[in-house]
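Next come the chains, spelled out residue by residue.
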Amino acid sequence: MLERRSTPLEILRYGIILIVLFWTVFPIAWLLVTSFKPANDIMVSPPRFVFTPTLENYIYAMGKANFAMFIGNTLYVSLLSTFFVVILASLAAYSFARYNVGMGNILFFILTTKMMPAIAVVLPFFLIFRDIGASPIGEALGIGLDKRAALVISYTIFNLPFAIWLMVSFFQDIPTELEDSARLNGYNRLQVLRKVVLPLAAPGIAVTAIFCLIFAWNEFLFAYILTRDAARTITVGVESFFTLRGVLWGPVAAAAALSVAPMLFFVLILQRFMVRGLTFGAVRG
Amino acid sequence: MASTSMSTPQDTRSVPKKQGRAMSDAWFSVLLILPAMIIIAFFALYPLFYAIYVSFQLADLTAGGIKGFVGLDNYRTVLFDKFFWESVRTTLFFTFFAVSIEVVLGTFVAFLINGATVAKGLIRSLLILPLATAPAVTGLFWRYLYDTQFGLYNYFLGLLGLPQPNWLGDIKVALWAVIMFDVWLWMPFVALIVMAGLQALPKEPFEAAELDGAPYFRVLRKLTFPMLKPVLFLVIILRTIDALRLYDAVAVLTRGGPGSTTETMTYYLYRQGLVFFRMDYASTMALLFLYAVVVASLFALRPLLNMFGGRATAK
C-alpha cells in the first residue's frame, strides 16, 4: 500500500515468502514423494531425492485388506454425518439469523459446547456407546462401540455448532426484502424457506458442507477411542503400519497421502471461504 | 449474536398478518431450531452432567465401575496431584509459545504477502495447504521428518553445519518439536486471517497519511495495528482455546514422552481415563479444564464475536 517500492526490498520480500512457502509445503511434498519411493530408498541417510517411482507402497497399503475398508468407513462416516449436519444446521441457522431466537444466548451456548475439550466429551461417549451397544436396541440399530453409526452420531454432534455459526453468517447476507415480497405474494414461511432462502443460501450451505466433510474426514480422537477394527477410519488406520519390527514408512506415507490428497483438493476449492469458515463466520474475508 | 442489528428484519416481518390461523413467528422459529437443539443439548449436557456426577464418586472402571459417593475427594486428589500440575505447566508453556510464534510469524507473513504484487493467489493457495491435513496423519509423518538418521530436518541442519538435535528423544527439545509442528500447521491460519483483516481496512486514512509523508513504521504503529486489533484478538483467542485443547499432535508425535515432558492436560486426562480407566480423576480434571475454557470464551470470545457480528450486519 504505502511502502515505496525499491528493487532490493522487493527481492527480500519474495525471498522470505519463498522460504516460508518452502517450509509449509515441503512436509506435504515429502510425504507424497516418500509414498512413491521403493522401500530401500526410504531408510537411507542422507535422504535420496532421485529414485525410480513405484506404486508398491500403495499396493501394500491397499492389499493389507483393512485399508480399503478404512477408506470405505471414512467415506461413509464423513458423508453421512455431513448430510445430517447440513439439514439440522440450515434449519437452525436460518431461525437464528432471521428470528434471533434466544437473543444470541442460545447461539453462544452452542459455541461453548464446541469449545469443550474433545477428550472430556469422548469419555462419556465411550460409556454411552458401550452401554447402548450391549443393549438390544443398540444391536438392532447397529449403534455401539466399533460401529460406524457411533462415529456418524459423534461427528454430527461435533460439527453442528460450527455449521450453525457459519451458516448464520451466510443467511444474514441474504437480503430480507426478497423474503418479505415472497410473503406478500402469498408464500407461507415454509415455502419462503424452501423456494426463496435455501436456493439463495445454496453456495454458503455447500461451503459449510465441505468444511464439515473435511473436519469429519480428518477427525482422529473419536475414531481412535470409539472404534477397534471394523469401523476404523483412515486417520487412525495410518498407525497400523507402526509394527513391532519398526515403522513401515513407505506404506505410512502412501496411506497418509490417500488421507491428505482429497482434502488438499477441497481446501483449494474453498480458498475464498477459508477465513470465514475458520473464524466461525466472524471475519468475512 | 448481535441482538440490536437483528431487530430490523423482525419488524418488517410482521407485515403479512392476515393468516391468523398460521403459526406465529415465535413458534416457527423455535420449531426450526428444535431438532438441532435437542441433539446438542442432549449430547453436550449429558457428558457434562455425567462428569459432574462421576467427579463425586469413586469410579475405577477396572474395579467394577462406580463405587459410591466420596464427596470432594477427587477434587482434593487432583489438586494435590503433582503430575496434574506438571501437565498444566506443559500445556501453558506450549500454548504461550506456540500461539505467540504463530501470531508474530503469521502477521509478518501476512504483511509480506499482502504487499506482494506477483502470484498472490498462488502464494495463498500454497500457504493454506497444511490446514487441509489431519494433524494426526501429518503429525505421524513428522516423526519421519524428525528422525535423527533419515529425517529431512537434520539433513538440512547438517548441510548448514548446525547442530542436529534428537527432536523427539531429548527432554529439552521434544516440547519444542511439538510447538514447531503446531506452528507449521497453524501459522497459515493466522496469516490468512490477518491478510483478510488487512484487505478490509479502509483506504482513506492511509492515503491521508501518505500525503502527510508519514514514515512507514509510524503509520504501522498509529494506523494499521490499532485498526487490526480486533482481528488479531480474535485470532489469538481462537488459537489459545484450540492450543489449550491440544491432543492429536501429542498423541501421534510423542505420546507425552520422553518421560512426561510433552504430556499436556488433555493427554494426561486421556491416560487417566482411557488407559488407567480412572473415570473419577479424569472427569474431575475435565471439569476444571472445561471451566477454564468456558470462562475464557465467555469473557474474551463472546464480546469479540458480538462485535464482528454487529459490524458485519451493519454494513
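## Here we look at the overall build of chain A
Okay, so step 1: Tallying secondary structure elements over chain A gives 13 helices and 2 strands in all.
Okay, so step 2: Taking the principal axes of its C-alpha atoms as reference, chain A extends roughly 75 × 75 × 30 Å.
Okay, so step 3: A total of 285 residues make up chain A; the buried ones form 50% of that total.

## Thoughts on the interface of chain B and chain A
Okay, so step 1: Every contact between the two is made by 92 residues of chain B and, on the other side, 88 residues of chain A.
Okay, so step 2: The element best represented in the side of chain B that touches chain A is helix 2 (residues 25–55) of chain B, accounting for 16 residues.

## Things to note about the packing of helix 3 (residues 66–99) of chain A against helix 9 (residues 189–218) of chain A
Residues and elements named next belong to chain A.
Okay, so step 1: It is the contact of helix 3 with helix 9, at a shortest axis distance of 9 Å, that shows an interaxial angle of 140 degrees. Between helix 3 and helix 9, the interaxial angle falls into the category oblique. Considering the relative orientation of helix 3 and helix 9, their crossing is right-handed. Facing helix 3, whose interface residues are Thr74, Val77, Ser78, Ser81, Thr82, Val85, Val86, Ala89, Ser90 and Tyr94, helix 9 presents Leu193, Val197, Ile205, Thr208, Ala209, Cys212, Leu213, Ala216 and Trp217.
Okay, so step 2: The residue inventory of the contact of helix 3 with helix 9, partitioned by class, reads 13 nonpolar, 6 polar and no charged.

## Details of the environment of A:Phe129
All names here are of chain A.
Okay, so step 1: Mapped onto the elements of the fold, Phe129 is located in helix 5 (residues 118–134).
Okay, so step 2: Its 24 C-beta neighbours within 10 Å are what place Phe129 among the buried residues.
Okay, so step 3: Put simply, Phe129 and Ser154 are 25 residues apart on the chain and 10 Å apart in space, counted from C-alpha to C-alpha.
Okay, so step 4: Not counting residues up to four positions away in its chain, the partners in contact with Phe129 are Ile143, Gly144, Leu145, Ala150 and Leu226.

## Topic: the pairing of strand 1 (residues 57–60) of chain B
All names here are of chain B.
Okay, so step 1: Across 4 bridges, the pairing between strand 1 and strand 2 (residues 65–69) is antiparallel. Within strand 2, the position partnered with Leu58 by the bridge is Gly68.
Okay, so step 2: Counting the residues between successive antiparallel strands, the hairpin from strand 1 to strand 2 contains 4 residues, one of them, Gly64, with a positive phi of roughly 95 degrees.

## Remarks on unusual backbone geometry
Okay, so step 1: Cis peptide bonds are those with omega within 30 degrees of zero, and the linkage from B:Gly257 to B:Pro258 qualifies with -5 degrees.
Okay, so step 2: Structurally, B:Pro258 can be placed in the loop between helix 11 (248–253) and helix 12 (265–275).
Okay, so step 3: Positive phi values are uncommon outside glycine, yet A:Asn100 reaches one of about 55 degrees.
Okay, so step 4: If you trace the backbone, A:Asn100 turns up in the loop between helix 3 and helix 4 (105–115).
Okay, so step 5: With 21 C-beta atoms counted inside 10 Å, the residue A:Asn100 sits in the buried group.
Okay, so step 6: The residue A:Asp146 is not glycine, and still its phi comes out positive at about 60 degrees.
Okay, so step 7: Secondary-structure assignment places A:Asp146 in the loop between helix 6 (136–141) and helix 7 (148–172).
Okay, so step 8: In this structure A:Asp146 comes out as partly exposed when scored by C-beta crowding, with 15 C-beta atoms within 10 Å.

## Structural notes on the confidence of the model for chain B
Residues and elements named next belong to chain B.
Okay, so step 1: Averaged over chain B, the pLDDT score is 83; the fraction of residues at 70 or greater is 90%.
Okay, so step 2: The model gives residues 1–20 a pLDDT under 50, and that stretch makes 29 contacts with residues more than four places away or in other chains.
Okay, so step 3: In this model residues 311–315 is a low-confidence stretch, pLDDT under 50, and it forms 7 contacts with partners more than four residues away in sequence or in other chains.
Okay, so step 4: Across the predicted assembly, pTM comes out at 0.87 and ipTM at 0.87.

## Observations regarding the nonpolar core
Okay, so step 1: Core analysis: the largest hydrophobic core is formed by 177 residues, its most contacted members being A:Ile164 and A:Ala256.
Okay, so step 2: With 18 residues, helix 8 (residues 174–199) of chain B is the largest single contributor of residues to this core.
Okay, so step 3: Once residues lying within four places of it in the same chain are set aside, the contact partners of A:Ala256 are A:Leu31, A:Val238, B:Val137, B:Leu140 and B:Phe141.

## Regarding helix 1 (residues 7–35) of chain A
Owing to its 3.6 residues per turn, the α-helix aligns residues three or four sequence positions apart on the same side.
Okay, so step 1: In a regular helix each residue adds 1.5 Å, so 29 residues correspond to 42 Å; helix 1 of chain A covers 41 Å between its end C-alpha atoms and thus fits that length.
Okay, so step 2: Maximal helix bending in helix 1 of chain A amounts to about 40 degrees, located at A:Val25; proline A:Pro27 follows within four positions.
Okay, so step 3: Of the surrounding elements, those touching the buried residues of helix 1 of chain A are helix 2 (56–63) and helix 12 (249–270) of chain A together with helix 4 (82–115), helix 5 (120–127), helix 6 (135–145) and helix 8 of chain B.

## Remarks on helix 9 of chain A
Okay, so step 1: The end-to-end C-alpha separation of helix 9 of chain A is 37 Å, well short of the 44 Å expected for 30 residues at 1.5 Å each.
Okay, so step 2: Where helix 9 of chain A bends most, the angle comes to about 55 degrees, and this point is A:Ala202, followed within four residues by the proline A:Pro203.

## Regarding the packing of helix 8 (residues 176–184) of chain A against helix 9 of chain A
Residues and elements named next belong to chain A.
Okay, so step 1: For the pair helix 8 and helix 9, interaxial distance at closest approach is 10 Å and the crossing angle is 140 degrees. Classified by the angle between their axes, helix 8 and helix 9 sit oblique to one another. With respect to the hand of their crossing, helix 8 and helix 9 are arranged in right-handed fashion. For the pair formed by helix 8 and helix 9, the contact residues are Leu178, Glu179, Ala182 and Arg183 on the first element and Val192, Val196 and Val197 on the second.
Okay, so step 2: Tallied by class, the residues present in the contact of helix 8 with helix 9 amount to 5 nonpolar, no polar and 2 charged.

## Some points on the environment of A:Lys195
Okay, so step 1: For A:Lys195, the position within the fold is in helix 9.
Okay, so step 2: For the pair A:Lys195 and A:Thr156, spaced 39 residues apart in sequence, the C-alpha to C-alpha distance is 26 Å.

About the criteria used
Residues numbered from 1 in each chain as written. Chains lettered and ligands numbered in written order. Predicted model: local features only at pLDDT ≥ 70, side-chain atom pairs only at ≥ 80, totals over all residues. Helix = DSSP H or I, 4+ residues; strand = E, 2+ residues; numbered from the N terminus. Buried ≥ 20, exposed ≤ 12 C-beta atoms within 10 Å, placed from the backbone. Contact = placed C-beta atoms within 7 Å. Axes fitted to C-alpha atoms, helices over the stretch in contact; angles between N-to-C directions. Parallel < 35°, antiparallel > 145°, perpendicular 65-115°, else oblique. Left-handed = near helix turned anticlockwise from the far one by under 90°. Nonpolar A, V, L, I, M, F, W, Y, C, P; charged D, E, K, R; others polar. Pairing = 2+ DSSP bridges. pLDDT = per-residue confidence, 0-100. Core = buried A, V, L, I, M, F, W, Y, C linked by C-beta atoms within 7 Å. Expected span 1.5 Å × (residues − 1). Bend = angle between axes of the 7 residues up to and from the residue.

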